[in-house]
Amino acid sequence: MKIEKNTAVTLRFKVSDANGKLIEESKDPMVYLHGGYGNTLPKIEEALEGQAPGYQTVLALAAEDAFGLRDESLVRTIPRSQFPPGVKVGGQLEGRGDDGRVQIFNVTKIKGDTVLLDANHPLAGKALRFTLKVTDVRTASEEEIAHQHVHGEHGHHH
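Here is what the cut-offs are and how they apply
- Residues numbered from 1 in each chain as written.
- Predicted model: local features only at pLDDT ≥ 70, side-chain atom pairs only at ≥ 80, totals over all residues.
- Heavy atoms only, no water.
- Helix = DSSP H or I, 4+ residues; strand = E, 2+ residues; numbered from the N terminus.
- Buried < 20%, exposed > 50% of the residue type's maximum accessible area, 1.4 Å probe, protein only.
- Contact = heavy atoms within 4.5 Å.
- Areas by Shrake-Rupley, 256 points an atom, 1.4 Å probe, with all protein chains shown as cover.
- Core = buried A, V, L, I, M, F, W, Y, C linked by side-chain atoms within 4.5 Å.
- Pairing = 2+ DSSP bridges.
- Salt bridge = Lys/Arg side-chain N within 4 Å of Asp/Glu carboxyl O.
- Axes fitted to C-alpha atoms, helices over the stretch in contact; angles between N-to-C directions.

Observations regarding the overall build of the protein chain
Item 1. A tally of regular secondary structure across the protein chain gives two helices and nine strands.
Item 2. Counting only C-alpha atoms, the protein chain reaches 55 × 40 × 30 Å along its principal axes.
Item 3. Buried residues in the protein chain amount to 35% of all 158 residues.
Item 4. Pairs at least 24 residues apart make up 60% of the contacts formed inside the protein chain by residues separated by at least 6 positions.
Item 5. Summed over its atoms, the accessible surface of the protein chain is roughly 9,700 Å², and 49% of this surface lies on carbon and sulfur atoms.

Notes on the nonpolar core
Item 1. With 19 residues, the main nonpolar core has Leu11, Ile44, Leu48, Leu59, Phe130 and Leu132 as its most contacted residues.
Item 2. Each residue touching Leu59, except ones within four places of it in the same chain, is listed here: Lys43, Ile44, Ala47, Leu128, Arg129, Phe130 and Leu132.
Item 3. Leu74, Val87, Phe105 and Leu117 belong to the second-largest nonpolar core, a separate cluster that totals eight residues.

Section: the pairing of strand E4 (residues 56-61)
Note on strand geometry: in a regular strand, side chains alternate between the two faces of the sheet.
Item 1. Residues Thr57, Leu59 and Leu61 point to one face of E4 and are all buried, whereas Gln56, Val58 and Ala60, pointing to the other face, are not buried.
Item 2. Sheet topology places E4 next to strand E9 (residues 128-139); six bridges connect them, and they run antiparallel. For Thr57, the partnering residue across the bridge sits in E9 and is Leu132.

What about the pairing of strand E2 (residues 22-25)?
Item 1. Sheet analysis places strand E1 (residues 7-17) next to E2, joined by three bridges and oriented antiparallel. Within E2, the position partnered with Lys14 by the bridge is Glu25.
Item 2. Between E1 and E2, which pair antiparallel in sequence order, lie four residues; one of them, Gly20, sits at a positive phi of approximately 90 degrees.

Quick word on the pattern of salt bridges
Item 1. Within the structure shown, the criterion is met by three salt bridges.
Item 2. Taking the shortest distance from any N to any O, the salt bridge between Glu72 and Arg70 comes out at 3.1 Å.
Item 3. Two residues, Glu144 and Arg138, come together in a salt bridge whose shortest N-O distance is 2.9 Å.
Item 4. The exposure class of Glu144 is buried, given its relative accessible area of 3%.
Item 5. Connected through salt bridges with shared partners, the residues Arg70, Glu72 and Asp118 form a single ionic network.

Points about the sheet that holds strand E6 (residues 92-96)
Item 1. Read from one edge to the other, the open sheet built from four strands follows the order E5-E8-E7-E6, with strand pairing classed as antiparallel. If you trace the sheet from one side to the other, it starts and ends with strand E5 (75-79) and E6, each paired once. Each neighbouring strand pair of the sheet contributes to a mean axis angle of 40 degrees, computed without reference to strand direction.
Item 2. Inspection of the sheet shows E5 paired to strand E8 (residues 114-118) by five bridges, in the antiparallel sense. Each residue of the ladder has a partner; that of Arg76, found in E8, is Leu117.

Section: the environment of Thr77
Item 1. Relative to the helices and strands, Thr77 is located in strand E5.
Item 2. Along the chain, Thr77 and Ala127 lie 50 residues apart, while their C-alpha atoms are 26 Å from each other.

Description of the environment of Ala62
Item 1. Within the fold, Ala62 resides in the loop between E4 and E5.
Item 2. Taking the C-alpha atoms as reference points, Ala62 and Arg129, separated by 67 residues in sequence, lie 8.9 Å from one another.
Item 3. Residue contacts for Ala62: discarding those within four places in its chain leaves Lys126 and Ala127.

Written as C-alpha coordinates, this is what we have:
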(Lines give C-alpha, C1' and ligand atoms only; values in the text may rest on other atoms or scores of the structure.)
Protein backbone atom coordinates (compact mmCIF):
# COMPACT_ATOMS: atom_id res chain seq x y z
CA MET A 1 0.00 0.00 0.00
CA LYS A 2 1.23 3.48 -0.84
CA ILE A 3 1.13 6.55 1.41
CA GLU A 4 -1.78 8.80 0.50
CA LYS A 5 -4.43 10.87 2.28
CA ASN A 6 -6.07 8.98 5.16
CA THR A 7 -3.40 6.33 5.57
CA ALA A 8 -1.74 5.55 8.90
CA VAL A 9 2.01 5.65 8.38
CA THR A 10 4.47 3.95 10.72
CA LEU A 11 8.06 5.09 10.56
CA ARG A 12 11.33 5.15 12.40
CA PHE A 13 13.27 8.39 12.51
CA LYS A 14 16.43 10.13 13.56
CA VAL A 15 16.79 13.88 13.92
CA SER A 16 20.24 15.44 13.59
CA ASP A 17 21.45 19.00 13.42
CA ALA A 18 22.80 20.37 10.14
CA ASN A 19 26.27 19.05 11.06
CA GLY A 20 24.99 15.50 11.57
CA LYS A 21 25.03 15.52 15.40
CA LEU A 22 22.23 13.22 16.62
CA ILE A 23 19.49 15.06 18.56
CA GLU A 24 16.82 12.35 18.81
CA GLU A 25 16.24 8.80 17.63
CA SER A 26 12.90 7.01 17.88
CA LYS A 27 12.90 4.17 20.39
CA ASP A 28 9.39 3.21 19.32
CA PRO A 29 7.99 3.71 15.84
CA MET A 30 6.10 6.92 15.17
CA VAL A 31 2.62 6.52 13.68
CA TYR A 32 0.80 9.45 12.11
CA LEU A 33 -2.32 10.09 10.02
CA HIS A 34 -1.18 11.25 6.57
CA GLY A 35 -3.06 13.92 4.67
CA GLY A 36 -2.54 17.39 6.09
CA TYR A 37 -3.81 16.78 9.62
CA GLY A 38 -0.80 18.45 11.23
CA ASN A 39 0.45 15.19 12.77
CA THR A 40 3.97 15.67 11.36
CA LEU A 41 5.86 18.38 9.52
CA PRO A 42 4.42 19.30 6.09
CA LYS A 43 7.78 18.71 4.34
CA ILE A 44 7.91 15.18 5.80
CA GLU A 45 4.41 14.44 4.47
CA GLU A 46 5.39 15.87 1.09
CA ALA A 47 8.49 13.64 0.92
CA LEU A 48 6.56 10.50 1.92
CA GLU A 49 3.52 11.00 -0.36
CA GLY A 50 3.17 8.02 -2.73
CA GLN A 51 5.88 5.94 -1.02
CA ALA A 52 5.51 2.40 0.38
CA PRO A 53 6.89 0.38 3.33
CA GLY A 54 10.66 0.04 3.11
CA TYR A 55 11.13 3.55 1.70
CA GLN A 56 14.03 5.44 3.27
CA THR A 57 15.09 9.04 2.85
CA VAL A 58 17.12 11.79 4.46
CA LEU A 59 15.56 15.26 4.45
CA ALA A 60 17.57 18.40 5.13
CA LEU A 61 15.11 21.03 6.32
CA ALA A 62 15.74 24.72 6.87
CA ALA A 63 14.54 26.04 10.24
CA GLU A 64 11.39 27.53 8.72
CA ASP A 65 10.42 24.12 7.29
CA ALA A 66 11.20 22.27 10.53
CA PHE A 67 10.12 23.87 13.82
CA GLY A 68 10.10 27.46 12.64
CA LEU A 69 12.29 30.45 13.24
CA ARG A 70 12.86 31.64 16.80
CA ASP A 71 10.41 34.30 17.96
CA GLU A 72 12.03 36.41 20.67
CA SER A 73 8.59 37.72 21.71
CA LEU A 74 8.02 34.22 23.17
CA VAL A 75 10.85 34.72 25.68
CA ARG A 76 9.98 36.05 29.13
CA THR A 77 12.08 37.05 32.14
CA ILE A 78 10.08 36.68 35.36
CA PRO A 79 11.10 37.38 38.96
CA ARG A 80 11.94 34.14 40.75
CA SER A 81 9.68 35.24 43.61
CA GLN A 82 6.66 34.55 41.34
CA PHE A 83 7.51 30.83 41.19
CA PRO A 84 6.96 28.13 43.76
CA PRO A 85 10.04 26.61 45.38
CA GLY A 86 11.67 23.91 43.30
CA VAL A 87 11.49 25.60 39.89
CA LYS A 88 14.27 24.03 37.80
CA VAL A 89 15.89 24.52 34.41
CA GLY A 90 14.24 22.07 32.00
CA GLY A 91 10.86 22.34 33.70
CA GLN A 92 7.74 23.38 31.85
CA LEU A 93 5.06 25.82 32.91
CA GLU A 94 1.74 26.74 31.38
CA GLY A 95 1.13 30.43 30.80
CA ARG A 96 -0.62 32.84 28.49
CA GLY A 97 0.98 34.43 25.45
CA ASP A 98 0.49 38.04 24.36
CA ASP A 99 -2.61 36.94 22.44
CA GLY A 100 -4.14 35.39 25.58
CA ARG A 101 -3.81 31.80 24.35
CA VAL A 102 -2.36 29.13 26.60
CA GLN A 103 1.28 28.40 25.85
CA ILE A 104 3.85 26.02 27.29
CA PHE A 105 6.98 27.77 28.49
CA ASN A 106 10.28 25.95 29.08
CA VAL A 107 12.44 27.12 31.97
CA THR A 108 15.73 27.74 30.17
CA LYS A 109 17.78 29.60 32.75
CA ILE A 110 17.67 30.68 36.38
CA LYS A 111 20.04 33.52 37.18
CA GLY A 112 19.95 35.10 40.60
CA ASP A 113 16.44 36.41 41.20
CA THR A 114 15.19 35.91 37.63
CA VAL A 115 13.81 32.98 35.66
CA LEU A 116 14.07 32.89 31.87
CA LEU A 117 11.10 31.24 30.12
CA ASP A 118 10.90 30.37 26.42
CA ALA A 119 7.77 29.24 24.54
CA ASN A 120 9.70 28.56 21.32
CA HIS A 121 10.02 24.90 20.37
CA PRO A 122 13.44 23.76 21.64
CA LEU A 123 14.51 23.11 18.01
CA ALA A 124 13.16 26.42 16.63
CA GLY A 125 15.71 28.30 14.58
CA LYS A 126 17.69 25.18 13.69
CA ALA A 127 18.23 23.55 10.33
CA LEU A 128 17.65 19.82 10.85
CA ARG A 129 18.28 16.52 9.09
CA PHE A 130 15.56 13.86 9.34
CA THR A 131 16.42 10.25 8.53
CA LEU A 132 13.16 8.40 7.88
CA LYS A 133 12.27 4.77 7.21
CA VAL A 134 8.67 3.78 6.47
CA THR A 135 7.90 0.45 8.14
CA ASP A 136 4.12 0.18 7.57
CA VAL A 137 1.23 1.83 5.76
CA ARG A 138 -2.42 0.97 6.32
CA THR A 139 -5.81 2.49 5.64
CA ALA A 140 -6.88 4.66 8.58
CA SER A 141 -10.11 3.80 10.36
CA GLU A 142 -13.16 6.06 10.08
CA GLU A 143 -12.70 6.95 13.75
CA GLU A 144 -9.05 7.93 13.20
CA ILE A 145 -10.04 10.13 10.25
CA ALA A 146 -12.85 11.72 12.29
CA HIS A 147 -10.45 12.38 15.19
CA GLN A 148 -7.65 13.42 12.79
CA HIS A 149 -5.01 11.23 14.44
CA VAL A 150 -4.01 7.57 14.70
CA HIS A 151 -5.25 5.43 17.60
CA GLY A 152 -3.75 2.32 19.17
CA GLU A 153 -0.17 1.28 19.73
CA HIS A 154 2.26 4.19 19.15
CA GLY A 155 -0.69 6.43 18.24
CA HIS A 156 -3.08 8.50 20.37
CA HIS A 157 -5.00 6.94 23.24
CA HIS A 158 -8.27 8.36 24.57
